[in-house]
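Secondary and tertiary structure notes
The primary structure of each chain is shown beneath.
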Amino acid sequence: MSAETPVADSGQFTRRRQQFRAWRGDRPFWAGLYVLLSGFPIIYFPYYHLQLGHLTLAMATTAGSGSLIIGVLLIVLGISLWFQKHVRTFAGVAAILLALVSLPVSNFGGFIVGFLLALVGGAMAVSWAPASAAKQAPGVPAQASEAGTVPAEGVPGEGAAGAVPPPRAADAGIESNDLSGTSPANEANGRHSAG
């Protein structure tokens, strides 16, 4: 590096890193990465040829095309977990099923490496929740946590002292699609009153 070489703007690197962190936090990134990486050993090992001196040991099996299909599907599922986070449950279950199918089809699931990566990534994808639901306090209804009211300890159904209850759908002017009249907005909660 010479004295005339321009130094990269450190603020730009920090900004890009923060943008990537925000993008990564908004989706099941690690689940997608594990599922994506699981496809490579499942594809690679059935076509791998090991050279021992002048001896070639072929690992190819009759199910090489099955391994190729399973590996490509796992890679596609991993990418879809990154860019289409709403399919996380389907992609997670599909990754787990493909991992189980890869055991008999492709050399014990890519010598267990691809199998374990797909299994862990699929489980992470199924269990991932968006940040708004993950930050919600346990045992607090979603409406209460969004409105800032948290039920008081030991008093079920009552908010903390001085807390304002969330607005009802009828008060906010929101039209409900509930034709039964049992929505939480009209405080019926599925129970019908007699009289």
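Note: the structure precedes this text.
Residues numbered from 1 in each chain as written. Predicted model: local features only at pLDDT ≥ 70, side-chain atom pairs only at ≥ 80, totals over all residues. Heavy atoms only, no water.

Structural notes on the nonpolar core
Quick reminder of the rule: Buried Ala, Val, Leu, Ile, Met, Phe, Trp, Tyr and Cys residues form a nonpolar core when they are joined through side-chain atoms within 4.5 Å. Exposure is judged per residue with a 1.4 Å probe applied to protein chains only, and the accessible area is read against the type maximum: over 50% gives exposed, under 20% gives buried, and values in between give partly exposed. Going along the chain from the N terminus, every DSSP run of H or I of four or more residues is numbered as a helix, and every run of E of two or more is numbered as a strand. The contact rule is simple, with two residues in contact once any of their heavy atoms fall within 4.5 Å.
Ranked by internal contacts, the top residues of the largest apolar core, which has 15 residues, are Val35, Ile70, Leu74, Leu77, Leu81, Ala95 and Leu98. Among the elements that make up this core, the one with the highest residue count is helix α4 (residues 88-105) (five residues). For Ala95, the contacting residues outside a window of four places in its chain are Val35, Leu74, Leu77, Ala118 and Gly122.

What about the side chain of Ser38?
Under the convention used in this document: Here a polar contact is taken to be a pair of N or O atoms separated by no more than 3.5 Å, where protein atoms must pair a possible hydrogen donor with a possible acceptor and residues adjacent in sequence count only if both atoms sit in side chains.
Along the polypeptide, Ser38 turns up in helix α2 (residues 29-44). One polar contact links the side chain of Ser38 to the main-chain carbonyl oxygen of Val35, over a distance of 2.6 Å.

Section: the pattern of salt bridges
Filter applied, for reference: Any Lys or Arg side-chain nitrogen located within 4 Å of an Asp or Glu carboxyl oxygen qualifies as a salt bridge.
Scanning all chains against the criterion turns up two salt bridges. Residue Asp26 pairs with Arg27 through a salt bridge whose shortest N-O separation is 4.0 Å. Owing to a relative accessible area of 36%, Asp26 belongs among the partly exposed residues under this scheme. Its relative accessible area of 12% is what places Arg27 among the buried residues. Taking the shortest distance from any N to any O, the salt bridge between Asp26 and Lys85 comes out at 2.8 Å. Of this pair, Asp26 sits in the loop between α1 (10-25) and α2 while Lys85 sits in the loop between α3 (64-83) and α4, and the two are 59 residues apart along the sequence. In this structure, a network of salt bridges that share partners links the residues Asp26, Arg27 and Lys85.

Keep in mind these numbers describe shape, not what the thing actually does.
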